[in-house]
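# Coordinate analysis (summary)
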Amino acid sequence: MASNYPNGSSRFNHFKQTSNDLDSDIGRVEFATYTVQIPATPDNQPAGVSLQRSTSQRVEDQYASSSMFTGGYNCITRAQLKDKVIETDTSHPQMTWAKGSYCTVPGCDAQVVTDERGLDIVPCECGYKICMDCYRDAMRNGESICPGCKEPYKEMDMNEYGVTMRQQRLSTDGMSKTERRMSLMKSKSMKSKALVESQAIEMDQNQWLFETKGSYGYGNAMWPKADENGGHDGMGGDPKMFKEKQWKPLTREVTISAAILSPYRLLVLARLVALGLFLQWRVRHPNEDAVWLWLMSVICEFWFAFSWILDQLPKLCPINRIAYVDVLKEKFETPNPSNPTGKSDLPGIDIFVSTADPEKEPPLVTANTILSILATDYPVEKLACYVSDDGGALLTFEAMAEAASFANLWVPFCRKHDIEPRNPESYFSMKRDPYKNKVRSDFVRDRRQVKREYDEFKVRINGLPDSIRRRSDAFNAREEIKAMKLRRENRDDEPVENLKLPKATWMTDGTQWPGTWVISAPEHTKGDHASIIQVMLKPPSDEPLKGTEDDSNSMNLSEVDIRLPMLVYVSREKRPGYDHNKKAGAMNALVRASAVMSNGAFILNLDCDHYIYYSQAMREGMCFMMDHGGERLCYVQFPQRFEGIDPSDRYANHNTVFFDVNMRALDGIQGPVYVGTGCLFRRVALYGFDPPSLKERDSCCSGFFAKRKKTSSVASAPEVDSQDGSVELDNENEEMGLSLIPKTFGNSSLFVDSIRVAEFQGRPLADHPSMKNGRHIGALTLPRELLDASTVAEAISCISCWYEDKTEWGQRVGWIYGSVTEDVVTGYRMHNRGWKSIYCVTKKDAFRGSAPINLTDRLHQVLRWATGSVEIFFSRNNALLASSRMKFLQRIAYLNVAMYPFTSIFLIVYCFLPALSLFTGKFIVQELNVTFLVYLLGITITLILLAVLEIKWSGIELEEWWRNEQFWLIGGTSAHLAAVLQGLLKVIAGIEISFTLTSKSGGDDADDDFVDLYIFKWTSLMVPPITIIMINLIGMGVALCRTIYSDAPKWSALLGGSFFSFWVLAHLYPFAKGLMGRRGRTPTIVYVWSGLLAITISLLWVAISPPSGSDGIGGSFQFP
């Protein structure tokens, strides 16, 4: 893997020669590495990179991208060339299975090297097509004769075709095989390293960093001297013009109006005082007639007050933010003295898409998510999409291949006509006029063509399961016939009926799928299969590639860039006996694989059903990362928005109170929590390092704690010398020694080498005097390196099941293990180290996804979240144990996240109190006096006013706030209580917690868009809410009859108990409506449970409090 990163005054470019002998005994690929040192001068940089991309690295890239790599524990890493992945034909040059020309030399079936457009590169003017291996053979005989025209190759042709490795073999003498396969990225020049790190401190804010012919190296804070003719040596341009250029921020904080925020804070204080006075009055005025009722209510009210404080305090500092995308483009993609061509200087982004089961997560949904990523508005050469298939299913693999093929048409169409959203399913399902604001005359024709192609694409995706089954049956039948013939030839007397062959799953090219088979077999199950990496779309060329009519079936793309981002399929190895840690383990595998293959400085993770709705969302997120202070940001969290929710949002699926109130408020403290998807990470923050600002604030006493591993900064990452492979340690943090590197990150030196590169690329520009840790302008304009087989083979080893053994992956590095809500824990660890996060609310919804609108699925989803919170509370990730680097209010917010499920214990008791009050004729107070009513009224009014102000500054609607309150009680009396019980069982008895994966519907029902809303699926979580509803209804009936027929009716007790019962029933109304099913058709099981509960409660109550004049359950019943 070549390394063209400007880390010093020189670059080390590594060229590797591959031996593609797939028929060898061990199936291994041998690699030879050649290292050439090129001075980092303006004369060498552009030309050198361009030459490499047109020579031997194309062979490496073509082989690595066209092969499926497999391997794992006790397995040899194999690379199998794939000429065919799906039935669909494609001609896009980046497609790994695109049809190309074959070598004309007799007996050779290798493909000819192609350029960025997919055209054949031929070394002779006669046009004789020859592959690189045959070309090398022709050059070795010393005559350099073209096999076609029998004429010698011209010198120019030789240079263009890449014979640049004649004397470079000497540099690899004495190197081990491991050293030849590794690509080292760092120079030993400490002088140039110090120059890069200190450039931001020495520069003037009005001067731009650039290179000149007279001063080699990066970071020159000096203007070129004028020559004798009055011109400038090097880059042209008037320095005065740049001095007059005002520095512009990329983002801006928008504070909430004081007319709203000040009353809001005063109301919080007023309600806090009212709660204190109310609780004091309740303690001093017990109900002597029903002490047990009074005591239970007081305990619950104290907990509710404590819970409200935990929830309310972090809301005191809400803010809004604005990102300036136009300023980002001006700074990073506009020509300037350091970047005269205007190439994008933005850092790379690796996008992770996770999926686990194609039966529950439809492949069409995942394919649409991938298409929205490939079409997003971000520099193509800076993007790489990795799809993690944790189930190892061929269905997901081929659906990805179909998506990559359809992207050849969909992505240029989106760029040409500025399509929004860029998810084809959502775009073609829009209700609004698609032709509005479209000025191109050919839009209608292009849209019809794409719509027709998309319909065919959906048919192919939906038909993949049957296609795979039929294909596998045919190949399995062929194998059985072969086995039977072989047995007859060997004259085996064993009956044919005893012949049993495994029912394999077969790929399109007639090879067995190395992942999970439809019919499970040893080493081919969901929990037992090899690692798989397949590059679906090769890394794009550095320069824009304009299309032609032939590229897209008559669509005019002459002005459109047809390049596609890199797309990689990844399925990590799974073996019995290993804890694979569910989604967190899959994400960590992607982190390592992507670091080796593309090493984007930032990572965006998305669920398979969350697609990019706003194509510039990543640019807005990058505004925060690249702005002043952005180096201290660990991630930018985007709000989650959902589609397919019923208009009334019966079960608060939109969750707007959390995303628009709580998250905005946390943004004003230390940042929002990480919620699992739609989050843009800084890669080095995931590696367990501290933010750079902490290193600057370290005092002289910090050396006393030098042995603490948890306080390692990015500077503690090892430097790997480019020549001898030795590791140089930063003197400021020597505890990260050579022996500790494998214990922290694993044994991959390629991965360790990538850490400092990712840290450097993720720095903001040093264009302001306050930027202490910035990078110079134009540092990231060099092209991304092409892939080679050794790099992909290293990625295979990084996703093996044994790689994390005895390392800190999942403990301190990457996504954190040990909780089903790994997202919250991962964000907590970053905040605990002192990092900050940002909440980015874009102009349009950044991402949209699906949510379970069915009551049962929604309860199971809430159960999973609550279970994770209980696990956090009983772990070392409890906010009570947080470090001093976490702000106090941020600590309160995380404490609330861990403790909110425990409110269910008190909530379910409090929901039974009205019924008990109605049954007994007693109330929680001795009598309804004026003082009690005044306190109650004050608490209620302040709560309503707070809600109104929250609605005002957050922009949510009153109905959304009320739906949230309703589902808070529904979830609190069902899923939260079950989570607490499961958490206690795990802590006390060691019983592991299991949860149901939320099913995601594809929405193919044309009759009703919300058909899932009416599906009733019974679950034990429904028992507590049903019981509460039945008891309160029976209690209201009993109390009403008692009061009417009583000689001395107690109307105050009836009113008090009925009011609270009505409060409970009003909150549970959506739950009761969900039990009714579609149009009031209540399932029979609900009637059965209701009847049993009513009879049981009635008999129990009569047994506890027999009717007057009777000593037992029998006797005549009469109302008091």
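Residues numbered from 1 in each chain as written. Predicted model: local features only at pLDDT ≥ 70, side-chain atom pairs only at ≥ 80, totals over all residues. Heavy atoms only, no water.

### Section: the overall build of the protein
- Counting its regular elements, the protein contains 34 helices and 19 strands.
- In the protein, buried positions account for 57% of the 1120 residues.
- Nonlocal contacts in the protein, meaning residues at least 24 apart in sequence, comprise 78% of its contacts between residues at least 6 apart.
- Looking at the protein as shown, the accessible area adds up to about 47600 Å², and 56% of this sits on carbon and sulfur atoms. (Helix = DSSP H or I, 4+ residues; strand = E, 2+ residues; numbered from the N terminus. Buried < 20%, exposed > 50% of the residue type's maximum accessible area, 1.4 Å probe, protein only. Contact = heavy atoms within 4.5 Å. Areas by Shrake-Rupley, 256 points an atom, 1.4 Å probe, with all protein chains shown as cover.)

### Focus: helix α23 (residues 789–798)
- Where burial is concerned, most of α23 is hidden: 9 out of the 10 residues are buried.
- The set of residues buried in α23 consists of Ala789, Ser790, Thr791, Val792, Ala793, Glu794, Ala795, Ile796 and Cys798.

### Here's the deal with the sheet that holds strand β19 (residues 847–850)
- Taken in spatial order, the 3 strands line up as β12-β19-β14 in an open sheet, and their pairing is mixed. Each of the sheet's edge strands pairs with one partner strand only, and the pair in question is β12 (611–612) and β14 (641–643).
- As paired elements, β12 and β19 share 2 bridges and run antiparallel to each other. Among the inter-strand pairings, tyrosine 611 is bridged to a residue of β19, identified as arginine 848. (Pairing = 2+ DSSP bridges.)

### Focus: the pairing of strand β9 (residues 531–537)
- Within β9, 7 of the 7 residues are buried, which leaves the element mostly enclosed by the surrounding structure.
- As judged from the 4 bridges shared by strand β3 (residues 67–72) and β9, these two strands associate in the antiparallel manner. Residue pairing across strands places methionine 68 opposite glutamine 534, the latter belonging to β9.
- Where β9 and strand β10 (residues 566–571) come together, 5 bridges link them in antiparallel fashion. In the strand pairing of β10, leucine 537 is matched with leucine 567.

### Looking at the confidence of the model for the protein
- In the predicted model, the protein carries a mean pLDDT of 77, and 72% of its residues have values of at least 70.
- Segment residues 156–244 is flagged for pLDDT under 50; beyond a separation of four residues in sequence, or across chains, it makes 182 contacts in the model.
- Here residues 995–1006 is modelled with pLDDT under 50, and outside its nearest four sequence neighbours on either side it reaches 19 contacts, counting other chains as well. (pLDDT = per-residue confidence, 0-100.)

### Topic: the packing of helix α10 (residues 325–332) against helix α17 (residues 617–626)
- Where α10 contacts α17, the axes come no closer than 9 Å and their chain directions differ by 65 degrees. On the basis of their axis angle, the class for α10 and α17 is roughly perpendicular. Where α10 crosses over α17, the two elements pack in a sense that is left-handed. Where α10 approaches α17, its residues Val325, Leu328 and Phe332 are matched on the opposing element by Arg619, Glu620, Met622, Cys623 and Met626.
- Among the residues forming the contact of α10 with α17, the class breakdown is 6 nonpolar, no polar and 2 charged. (Axes fitted to C-alpha atoms, helices over the stretch in contact; angles between N-to-C directions. Parallel < 35°, antiparallel > 145°, perpendicular 65-115°, else oblique. Left-handed = near helix turned anticlockwise from the far one by under 90°. Nonpolar A, V, L, I, M, F, W, Y, C, P; charged D, E, K, R; others polar.)

### A few points about the environment of glutamine 982
- Along the chain, the position of glutamine 982 falls in helix α30 (residues 975–989).
- Taking relative accessible area as the criterion, glutamine 982 reaches 27% and is therefore assigned partly exposed.
- Separated by 119 residues in sequence, glutamine 982 and leucine 863 have C-alpha atoms that sit 9.9 Å apart.

### As for a nonpolar patch on the surface
- A surface patch of nonpolar side chains, about 570 Å² in accessible area, is lined by Leu1040, Ile1044, Tyr1045, Trp1051 and Leu1055.
- For the nonpolar patch, the elements supplying multiple residues, two or more each, are α31 (1023–1045) and α32 (1051–1067).
- For the nonpolar patch, the element with the most residues is α31, which contributes 3 residues.
- Here tryptophan 1051 shows up in helix α32.
- Tryptophan 1051 sits in the partly exposed class, given a relative accessible area of 45%. (Patch = residues over 30% accessible without salt bridge, like charges linked within 9 Å, V, L, I, M, F, W, Y side chains within 5 Å. Salt bridge = Lys/Arg side-chain N within 4 Å of Asp/Glu carboxyl O.)

### Structural notes on the pattern of salt bridges
- Applying the stated criterion across every chain, the model contains 44 salt bridges.
- Look at the salt bridges and you will find they share partners, linking Arg641, Glu643, Asp660, Asp845 and Arg848 into a network.

### Some points on the sheet that holds strand β7 (residues 349–355)
- Across the sheet, which stays open at both edges, the 10 strands sit in the order β4-β3-β9-β10-β8-β7-β11-β15-β13-β18 with mixed pairing between neighbours. Both edges of this open sheet fall to β4 (75–81) and β18 (836–839), since each of them pairs with a single strand only. Direction aside, the axes of adjacent strands within the sheet are offset by 20 degrees on average.
- Where β7 meets strand β11 (residues 602–607), 6 bridges bridge the pair, whose relative direction is parallel. The residue bridging valine 353 from the neighbouring strand is leucine 606, located in β11.
- Sheet contacts for helix α16 (residues 582–597): β7, β8 (383–389), β9, β10 and β11; angle to β7, the most-contacted strand, approximately 150 degrees.

### Things to note about the side chain of aspartate 767
- By secondary structure assignment, the location of aspartate 767 is in the loop between α22 (749–761) and α23.
- You can call aspartate 767 buried: its relative accessible area is 12%.

### Some words on the nonpolar core
- With 110 residues, the main nonpolar core has Tyr386, Ile533, Met597, Phe681, Tyr687 and Phe751 as its most contacted residues.
- Ranked by residue count, the leading element in this core is α16, at 9 residues.
- Dropping the residues within four chain positions of it, tyrosine 687 is found in contact with Val591, Ala595, Phe745, Phe751, Ile755, Trp809, Arg812 and Val813.
- Counting residues in each nonpolar core, the second largest holds 89 residues, with Leu371, Ala401, Ala407 and Phe847 among its members. (Core = buried A, V, L, I, M, F, W, Y, C linked by side-chain atoms within 4.5 Å.)

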